[in-house]
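# Coordinate inspection notes
Read off the chains here:
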Amino acid sequence: MFLQASAEWFVRMDDYPRPPLPQPDRAATWPLKGRAEMISEQRMKSAMQEYIDAFNRVDADGIIALYADDATVEDPVGSPVKVGRAEIAKFYRMAIGTGAKLVLAAPIRASQGDSAAMAFDVQLNMPSGRAVIRVIDVMRFNDAGQFISMRAFWGHSDMEMLK
């Protein structure tokens, strides 16, 4: 009854003229008001690709160099946040030490702001066999093109043992 009445209301509303929606002043608000210079989409994508490449080269220093001095890493989201290069370095040296490899699952996505995201698989050899963790990392960038934060989205349901 409610859905039918709602549908009739919408049909009747279509009989009335609608005023045009206001258009924002793009020059004042886009891409981000107050930012002197935006990092380019290509630069964000290149940094994210370098992250994957450095991890797979077993190059912890190469990964750490992508981060600003006061950056944060939350991997996975909900775990304690690692703050600063010393904690981030310790985390990546441990992660690389597992022998894991990263494989992009889709193209890296940029934004018209200061963030980019990528979906990838972490391929692991565990004592019980091969495994994969499906992850989405979201990085925020400073104007110099360094990561200022990394958040890794994955949970237990994103881990799978392979045959």
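Residues numbered from 1 in each chain as written. Predicted model: local features only at pLDDT ≥ 70, side-chain atom pairs only at ≥ 80, totals over all residues. Heavy atoms only, no water.

Right, let's talk about the pattern of salt bridges for a bit. Inspection of every chain in the model, using the stated rule, returns seven salt bridges. The partner of arginine 57 in a salt bridge is aspartate 59, with the nearest N and O atoms 3.2 Å apart. Residue class for arginine 57 comes out partly exposed when judged on its relative accessible area of 45%. Judged by its relative accessible area of 23%, aspartate 59 is partly exposed. Arginine 93 is the salt-bridge partner of aspartate 61, the closest N and O atoms lying 2.8 Å from each other. Placement of aspartate 61 in helix α4 (residues 60-64) and of arginine 93 in helix α5 (residues 84-97) is noted, with a sequence separation of 32 residues between them. (Salt bridge = Lys/Arg side-chain N within 4 Å of Asp/Glu carboxyl O. Buried < 20%, exposed > 50% of the residue type's maximum accessible area, 1.4 Å probe, protein only. Helix = DSSP H or I, 4+ residues; strand = E, 2+ residues; numbered from the N terminus.)

As a volume, the largest pocket reaches approximately 360 Å³. Asp75, Phe91, Ala95, Val122 and Trp154 are, among the 18 residues lining the largest pocket, the residues nearest its centre. Broken down by secondary-structure element, the contributors of at least two residues to the lining of the largest pocket are α3 (41-56), α5, β4 (115-126) and β5 (129-141). Element by element, the count of residues in the lining of the largest pocket is highest for α5, at four residues. Class assignment for the residues of the lining of the largest pocket results in 15 nonpolar, one polar and two charged. (1 Å grid on protein atoms, 1.4 Å probe; cavity = no way out; pocket = protein on both sides within 12 Å on 5 of 7 lines; lining within 4 Å. Points joined across faces, edges and corners; volume = space filled by probe spheres on them. Nonpolar A, V, L, I, M, F, W, Y, C, P; charged D, E, K, R; others polar.)

Let us look at the nonpolar core. Core analysis: the largest hydrophobic core is formed by 36 residues, its most contacted members being Tyr51, Tyr67, Tyr92 and Phe141. Those elements giving two or more residues to this core turn out to be α3, α4, β1 (67-74), α5, β4, β5 and β6 (147-153). Top contributing element to this core by residue count: α3, with seven residues. The residues touching tyrosine 67, leaving out its near neighbours within four places in the chain, are Tyr51, Thr72, Val73, Arg85, Ile88, Tyr92, Gln146, Phe147 and Met150. (Core = buried A, V, L, I, M, F, W, Y, C linked by side-chain atoms within 4.5 Å. Contact = heavy atoms within 4.5 Å.)

Our focus in this paragraph is the environment of leucine 124. With respect to the helices and strands, the residue leucine 124 is situated in strand β4. Between the C-alpha atoms of leucine 124 and lysine 101, which are 23 residues apart in sequence, the distance is 6.8 Å. Residues within four places of leucine 124 in sequence aside, it is in contact with Thr98, Ala100, Gly129, Arg130, Ala131 and Ile133.

These values are about where atoms sit, not about what they do.
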